[in-house]
Amino acid sequence: MDRVAAATESLTTLEHQLTLIQDQVMREALLLETEALKQGFYRIDRTVAVFGVGSAGKTTLVRALCHHCGLKLVPDPAIGATLGTTVVGQQYPPIALPDSGTSLILVDCPGILEAGEAGEARAQAARQLATQADLLLFVIDDDLRQSEFAVMRSLAEIGKRMVLVFNKIDRLTTAAGVNIHQRLIERVQGFLPPEDVVAIAAQPQPLTLPNGEQWVAPVQITPLLKRLADILSYEGEELAADNALLQTQELSQRTQGVLTQQRQRQAQRVVEKYQWLVAAALCANPLPVVDFLATAAIHAQMAVEIARVFDCALDVTEGKSLVSALTQTLVRLGIVKGVLRLVGAAISVTVVGAMLKIALQAIAGAYLTRIAGYSFITYFRQNQSWGDGGIMGVVREQFKLNRREAFLKDFIQEALQRVVTPERH
């Protein structure tokens, strides 16, 4: 499947996921982001983020590109007066790139790798802008530092298309500039081809001539303009598709997270319903000993409903088989007897006489149903897998989580209110 088709299919899948979200506010917010993604995918303009450390010449490069393409700019308050660094992301109006038939929307990102909390916040904003762009210009003004290399590699690993821009070459001798340029090509060869490492001078420094006059060399951005024209001419559609696919995957992960939380809540409500059904059944028909298999039909139906919440196919027969395996595990681990002891000790000071036995059976049954139900939730949430620890590992963990003193006290109190009626008590 080509990248355009993959991006289109991914958007379609995302839209289907969104229909499953029950929270209207959350669903509408994610739908707005999805619609923005679709518009970005089908637009003609290509977004180019200019990214790098503070004072590497990012803003100067943006202005040089705008000026070359005929866009006049005024000073911007987002540019720091002292260091000349961008403190917030700045998006510029579209410019027509010569020889490419494409318009660019340039985004000047805040500087990265700056010290302090404010610097880290700007760096996070810059990375977000960079990941949302179709193409990334990573600007440096010297040999590549290890910290810069790490950022570049991480962006390449998530699929960002980029060009490494070696700026301020006018400040070096010709030989020094050539040497650094070659070292840069060698360092990034694992994820960037040589032609994507471009040397420029976006704002040459003025030189003092022998007669005392100031002379400024012409801006040297022609190599970058040519490389951009080539990339956008031959890869323009794929750039948009790659970016749409990347953004869709990120949004899909967030959507899946919302769905997972939603399903967890739904499944927990199913468990709560069945734990009290089991309690009521055992209260009405007390057994000599808590026999988990005596309520197997109820537990099988609970398993089927939990499976349905997680979009897993499970019939009642399969549910009974699952319940049988879990029941055997509860017995083998001694959890049935352990629950009887825990519940018996907790209610013996509250319930007396004939009702003690009934309450013990009912509350212990509800408690075991809860452990079983939450174990099923784990199983179906993990695509019908018990995980590395197997069924025993899951059941042990659920027993551990549900035997905490504060929870157990509240659970028994609620069970007594539900099961042991005032008349019986």
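What you are looking at is a predicted structure, and each value in this text was computed from that prediction instead of being measured. (Residues numbered from 1 in each chain as written. Predicted model: local features only at pLDDT ≥ 70, side-chain atom pairs only at ≥ 80, totals over all residues. Heavy atoms only, no water.)

Help me understand the layout of surface pockets, please; the structure alone is not making it clear to me.
Sizing a probe to match a water molecule and rolling it over the atoms shows the empty space that remains. Quantified by volume, the largest pocket comes out at close to 480 Å³. Together, 22 residues line the largest pocket, and A36, L37, Q132, N243 and Q247 are the ones closest to its centre. At the level of secondary structure, the elements contributing two or more residues to the lining of the largest pocket comprise α2 (24-42), β4 (102-108), α4 (116-132) and α7 (222-284). It is α7 that provides the largest number of residues to the lining of the largest pocket, a total of seven residues. Tallied by class, residues from the lining of the largest pocket come to 10 nonpolar, seven polar and five charged. (1 Å grid on protein atoms, 1.4 Å probe; cavity = no way out; pocket = protein on both sides within 12 Å on 5 of 7 lines; lining within 4 Å. Points joined across faces, edges and corners; volume = space filled by probe spheres on them. Helix = DSSP H or I, 4+ residues; strand = E, 2+ residues; numbered from the N terminus. Nonpolar A, V, L, I, M, F, W, Y, C, P; charged D, E, K, R; others polar.)

Would you take a moment to explain the confidence of the model for the protein chain for this structure?
Where the model shows low pLDDT, its predicted coordinates should not be examined in detail. Taken residue by residue, the protein chain gives an average pLDDT of 84. The fraction at 70 or more is 89%. Per-element mean pLDDT across the protein chain ranges from 73 in α4 up to 96 in strand β7 (residues 197-199). (pLDDT = per-residue confidence, 0-100.)

I tried to follow helix α3 (residues 58-68) on my own but got confused; where do I start?
Since the α-helix packs 3.6 residues into each turn, any two residues three or four apart lie on the same face. For α3, every residue scored as buried is listed here: K58, T59, L61, V62, A64, L65 and C66. Contacts made by the buried residues of α3 are with β1 (46-52), β3 (95-97), β4, β5 (135-140), β6 (162-166) and α7. One or two steps after α3, the chain reaches G70, where phi turns positive at roughly 90°. (Buried < 20%, exposed > 50% of the residue type's maximum accessible area, 1.4 Å probe, protein only. Contact = heavy atoms within 4.5 Å.)

What is the right way to read the nonpolar core from this model?
Counting 59 residues, the largest nonpolar core has F51, L61, L137, L164 and L224 as the members making the most contacts within it. Top contributing element to this core by residue count: α7, with seven residues. The next biggest cluster of nonpolar side chains, apart from the first, holds 56 residues, and it includes F310, V339, F380 and L408. (Core = buried A, V, L, I, M, F, W, Y, C linked by side-chain atoms within 4.5 Å.)

What should I look at first to understand the pattern of salt bridges in this one?
Oppositely charged side chains can pair when the atoms bearing their charge come close. Under the definition given, this model contains 12 salt bridges. For E250, the salt bridge is made with R254, and the minimal N-O distance between the two is 3.0 Å. With E250 and R254 both in helix α7 and four residues apart, the pair spans about one turn of that helix. One connected set of salt bridges, linked through shared partners, spans R161, D196, R227 and E235. (Salt bridge = Lys/Arg side-chain N within 4 Å of Asp/Glu carboxyl O.)

Hey, could you run me through the side chain of R263 in this one?
Mapped onto the elements of the fold, R263 is located in helix α7. For R263, the side chain forms a polar contact with the side chain of D311, separated by 2.8 Å. The residues touching R263, leaving out its near neighbours within four places in the chain, are L20, Q256, V309, F310 and D311. (Polar contact = N/O pair within 3.5 Å; in protein donor to acceptor, adjacent residues only side chain to side chain.)

Would you explain helix α5 (residues 146-157) in this entry?
The end-to-end C-alpha distance of α5 is 16 Å, a good match for the 16 Å that 12 residues give at a rise of 1.5 Å each. Residues of α5 that are buried include every one of E148, F149, V151, M152 and L155, and no others. Seen from one end, α5 has its buried residues packed into an arc of 160°, which puts them on one side. Once α5 finishes, G159 follows within two positions and takes phi at roughly 100°, a positive value. (Expected span 1.5 Å × (residues − 1). Arc of directions from axis to C-beta.)

Please clarify how the packing of aromatic side chains should be interpreted in this entry.
Geometry of an aromatic ring pair is reported as the spacing of the ring centres plus the angle between the planes. The final tally for this structure, using the stated rule, is seven aromatic pairs. Centroid distance Y367 to F411: 5.6 Å. Interplanar angle 80°. Geometry classified as edge-to-face. Of this pair, Y367 sits in helix α11 (residues 354-381) while F411 sits in helix α13 (residues 405-419); the two residues are 44 residues apart in sequence, bridging distant segments of the chain. Grouping residues by exposure puts Y367 and F411 together as buried. Three or more aromatic residues link up through ring pairs in this structure, and these residues are W276, Y367, F407 and F411. (Phe/Tyr/Trp six-rings, centres within 6.5 Å; stacked < 30°, edge-to-face > 60°.)

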